[in-house]
Amino acid sequence: MFGMIKNSLFGNTEETEYKVLSSETKDGVSFEVRRYDAAKYATVSSEGRTFDQVSGELVRKLLMYIGGSNEQGEAMGTAAPIIITVYPRNDGVLSRRLTVGIRIPSTYQQAPPNPTDTAIGIEERPGMTVYALQFGGFAGESEYRAEALRLTRTLGETAPFQRKQYFCCSYDPPLKPYGRRNEVWFLQEEP
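First, a word on what this report is: a plain description of the structure on this page. (Residues numbered from 1 in each chain as written. Predicted model: local features only at pLDDT ≥ 70, side-chain atom pairs only at ≥ 80, totals over all residues. Heavy atoms only, no water.)

1. Describing the nonpolar core
Note the cut-off: Among buried residues, those of type Ala, Val, Leu, Ile, Met, Phe, Trp, Tyr and Cys that are joined through side-chain atoms within 4.5 Å constitute a nonpolar core. Exposure categories follow from relative accessible area, calculated using a 1.4 Å probe and restricted to protein chains: below 20% of the type maximum is buried, above 50% is exposed, and the middle band is partly exposed. Only DSSP runs of H or I covering at least 4 residues are called helices, and only runs of E covering at least 2 are called strands; the numbering of each starts at the N terminus. Throughout, a residue-residue contact means that at least one pair of heavy atoms, one from each residue, lies within 4.5 Å.
Core analysis: the largest hydrophobic core is formed by 38 residues, its most contacted members being Val100, Tyr131 and Phe186. Per-element accounting of this core gives the leading share, 8 residues, to helix H2 (residues 51-66). Not counting residues up to four positions away in its chain, the partners in contact with Phe186 are Thr129, Val130, Tyr131, Ala148, Leu151, Thr152, Leu155, Phe161 and Tyr166. Counting residues in each nonpolar core, the second largest holds 13 residues, with Ala39, Ala80, Val130 and Ala132 among its members.

2. A short note on the sheet that holds strand E7 (residues 94-103)
Threshold: Here, strands pair whenever DSSP counts at least two bridges between them. Lines fitted to C-alpha atoms define the axes here, with helix axes fitted over just the stretch in contact, and angles between the N-to-C directions of these axes take values from 0 to 180 degrees.
On the basis of which strands lie adjacent, the open sheet formed by 9 strands has the order E2-E3-E9-E11-E10-E6-E7-E4-E8 and antiparallel pairing. Two strands close off the open sheet at either side, each with one partner strand: strand E2 (19-26) and strand E8 (121-125). Averaged over all pairs of adjacent strands, the angle between their axes in this sheet comes to 30°, without regard to strand direction. Pairing analysis gives 5 bridges linking strand E4 (residues 39-47) to E8, with the strands arranged antiparallel. Pairing of Ala39 across the sheet is with Arg125, part of E8. Sheet strands touched by H2: E4, strand E6 (82-88), E7, E8 and strand E10 (166-170). Its angle to E7, the strand with the most contacts, is close to 20°. Strands E2, strand E3 (29-36), E7, strand E9 (128-135), E10 and strand E11 (182-187) of the sheet are contacted by helix H3 (residues 141-155), whose axis makes an angle of about 50° with E11.

3. Structural notes on the environment of Thr13
Short version of the rule: We call two N or O atoms a polar contact when they sit within 3.5 Å, provided that within protein one can donate a hydrogen and the other can accept it, with sequence-adjacent residues counted only if both atoms are side-chain atoms.
Within the fold, Thr13 resides in strand E1 (residues 13-15). Each C-alpha atom, one on Thr13 and one on Gln134, is 19 Å from the other, the two residues being 121 residues apart in sequence. Beyond its immediate sequence surroundings of up to four residues, Thr13 is in contact with Thr78, Ala79 and Ala80. In this structure the side chain of Thr13 is engaged in a polar contact, spanning 2.7 Å, whose partner is the side chain of Thr78.

4. Here's the deal with the packing of aromatic side chains
Put simply, the rule reads: Only centres within 6.5 Å qualify two rings of Phe, Tyr or Trp (six-membered ring in Trp) as a pair; their planes then separate them into stacked at under 30 degrees, edge-to-face at over 60, and tilted for everything else.
Counted according to the given criterion, the structure contains 9 aromatic pairs. Geometrically, the ring pair formed by Phe135 and Tyr144 is edge-to-face, given 5.5 Å between the ring centres and 80° between the ring planes. Residue classification places Tyr144 among the buried positions, given a relative accessible area of 3%. An angle of 20° between the planes, with centres 4.7 Å apart, marks the rings of Phe161 and Phe186 as stacked. Taken together, the residues Phe161 in the loop between H3 and E10 and Phe186 in strand E11 connect sequence positions 25 residues apart. A relative accessible area of 2% means that Phe186 is categorised as buried.

Structure below.
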């Protein structure tokens, strides 16, 4: 636990690199279209509990892993953002299934330390293009849902993005009181 706290407060934070393909504003809402390269992520999933009930617990598991709770005892630094994959129902309410992921820092991409927590997996995620909408404050399920609805309305019915899942992203440690950065990402469907 101390390793996780030390790592998140004093460790280096590596922000996942991306290429901005376009910056757009429609109806007063600004968003970006970004391209992310393929990379390895540490992930953990949950079913049966709501976003607000379980997201903090799953994030802590991943922070413990990158903070040194792994077979090698290696504190890897931190990476941003933490990405929570959610699955909305037709009415916009999130299902009780989600996956939390954090990109393995670059130094460890080739050979990530093995997790000691069997709930954590290492997965290779393909490159992706996303529509990204940024917002501030502390974000829970209701804030992410509101911003996802705002991005959905801004993009319109014809935009080529996946509607069965989206990503809730947080860039800041939980104790940061102001200037927080959160984003909603919609995965663009490839032509």
